[in-house]
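# Observations on the model geometry
Here are the chains, one letter per residue:
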Amino acid sequence: MALLEVKDLSIHFGGVKAVDSIDFSWDAGKVYSVIGPNGAGKTTLFNMITGLYKPSRGEVYLDGQSMAGKSPHVLAQMGMARTFQNLQIFMNMGALENVMVGAHLRLDRSVMKGLFAWPRLRRADQALREEAADWMDFVGLKSAVSARAHSLPYGALKRLEIARALAMKPRLIFLDEPAAGLNATETEEVVALIRKIADSGMTVVLVEHDMKMVMSLSDRILVMDSGKKLAEGTAVEVRQNPAVIAAYLGGH
Ligand SMILES: Nc1ncnc2c1ncn2[C@@H]1O[C@H](COP(=O)(O)OP(=O)(O)OP(=O)(O)O)[C@@H](O)[C@H]1O
Ligand SMILES: [Mg+2]
């Protein structure tokens, strides 16, 4: 059975069909990319799958189970974590505390209630702290464990957001332009990090404009244009697709 299946997924804002009848069926343990020109509907697709936007039509299935009407919080607990195109970091908190938010979100409500019982709170907090520090190490931010978020450079904040998503121990991680605004060296580091995440068995869904990165990382690529699916296939298939070349790759 597919890990993530999307059927006829659509949303319109007034007259704009931002995502228009998208279908796909994706398996666990692979790297999928969603590409397409600005405004193609990539982020909107992520927003529907992760529960931020309610689809106008269509369905999302995780392990064959309908995700209709589930909140982002519940979907996160069911194994879908994400990062945002525009950083969503709590700048007034510590870097480590930002990652701890991810680990906290993973715990279900009954556990959270239990956490308020002293001294279990102390113990759980310490365990979450250590776990969050391990995720910071995983993304290459070991030296920033005691830093305030606002003191970190942009490239580190992008990786901090990935660490927070990883701390939710998701089955699927959605990365919306993780290399946007990064220099060549930082981009290389993010590519290596995504490989490491994929090697750990997590399913990765990537939205990126950096074609070199997309082509080198992806098992399969979904190409969107004006809300519609233009093509889906391997890097080689997509690169050779005349419709893709005309609508997207040729334009860059
Ligand atoms: N909340 C919203 N209200 C109205 N229109 C929206 C909303 N969210 C997205 N849109 C519109 O939906 C379309 C798709 O936008 P989306 O952000 O998904 O594109 P994208 O493929 O992620 O583009 P980019 O590569 O620039 O990030 C655009 O026309 C956008 O203006
Ligand atoms: Mg976007």
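Residues numbered from 1 in each chain as written. Chains lettered and ligands numbered in written order. Predicted model: local features only at pLDDT ≥ 70, side-chain atom pairs only at ≥ 80, totals over all residues.

## Topic: the site of ligand 1
Phe13, Val16, Ala18, Gly36, Asn38, Gly39, Ala40, Gly41, Lys42, Thr43, Thr44 and Gln85 make up every residue found near ligand 1. Contributing elements (two or more residues each) for the shell around ligand 1: strand S2 (16–26) and helix H1 (42–49). Considering each element in turn, the shell around ligand 1 owes the most residues, 3 residues, to H1. Looking at side-chain class alone, the shell around ligand 1 contains 4 nonpolar, 7 polar and 1 charged residues. (Near = placed C-beta within 6 Å. Helix = DSSP H or I, 4+ residues; strand = E, 2+ residues; numbered from the N terminus. Nonpolar A, V, L, I, M, F, W, Y, C, P; charged D, E, K, R; others polar.)

## Points about the packing of helix H3 (residues 95–106) against helix H6 (residues 154–166)
To characterise two packed helices, one gives the angle between the axes of the helices and the distance between these axes. Where H3 contacts H6, the axes come no closer than 6 Å and their chain directions differ by 35°. Note on packing geometry: the crossing formed by H3 with H6 is right-handed. Between H3, through Ala95, Asn98, Val99, Val101 and Gly102, and H6, the contact on the second element is made entirely by Leu160, Ala163, Arg164 and Ala165. The residue makeup of the contact of H3 with H6, split by class, is 6 nonpolar, 2 polar and 1 charged. (Axes fitted to C-alpha atoms, helices over the stretch in contact; angles between N-to-C directions. Left-handed = near helix turned anticlockwise from the far one by under 90°. Contact = placed C-beta atoms within 7 Å.)

## Re unusual backbone geometry
Backbone geometry places aspartate 63, a non-glycine residue, at a positive phi of 50°. Along the chain, the position of aspartate 63 falls in the loop between strand S4 (57–62) and strand S5 (65–66). The phi dihedral of serine 226 falls on the positive side, at around 50°, and the residue is not glycine. By the element assignment, serine 226 lies in the loop between strand S9 (220–225) and strand S10 (228–233). A count of 16 C-beta atoms within 10 Å places serine 226 in the partly exposed class. (Buried ≥ 20, exposed ≤ 12 C-beta atoms within 10 Å, placed from the backbone.)

## Looking at the sheet that holds strand S3 (residues 31–35)
Taken in spatial order, the 6 strands make up an open sheet running S6-S7-S8-S3-S9-S10, and their pairing is mixed. Strand pairing shows two members of the sheet lacking a second neighbour, strand S6 (80–82) and S10, which therefore form its edges. Ignoring strand direction, the axes of neighbouring strands in this sheet form an average angle of 20°. Alignment of strand S7 (residues 172–176) against strand S8 (residues 203–207), held across 5 bridges, turns out to be parallel. Each residue of the ladder has a partner; that of leucine 175, found in S8, is leucine 206. (Pairing = 2+ DSSP bridges.)

## Notes on the environment of threonine 43
If you trace the backbone, threonine 43 turns up in helix H1. For the pair threonine 43 and alanine 149, spaced 106 residues apart in the sequence, the C-alpha separation amounts to 25 Å. Residue contacts for threonine 43: discarding those within four places in its chain leaves Gln85, Asp176 and Val207.

## Topic: the sheet that holds S5
One open sheet holds the 4 strands; their spatial order is S2-S1-S4-S5, and the pairing between them is antiparallel. Of all the strands in the sheet, the pair left with one neighbour each is S2 and S5. Contacting strand S1 (4–13), S2 and S4, H1 crosses the sheet at an angle of about 65° to S2.

## A short note on the nonpolar core
Judged by nonpolar contacts, the single largest core of 68 residues is most densely connected at Met136 and Ala163. Per-element accounting of this core gives the leading share, 7 residues, to H6. (Core = buried A, V, L, I, M, F, W, Y, C linked by C-beta atoms within 7 Å.)

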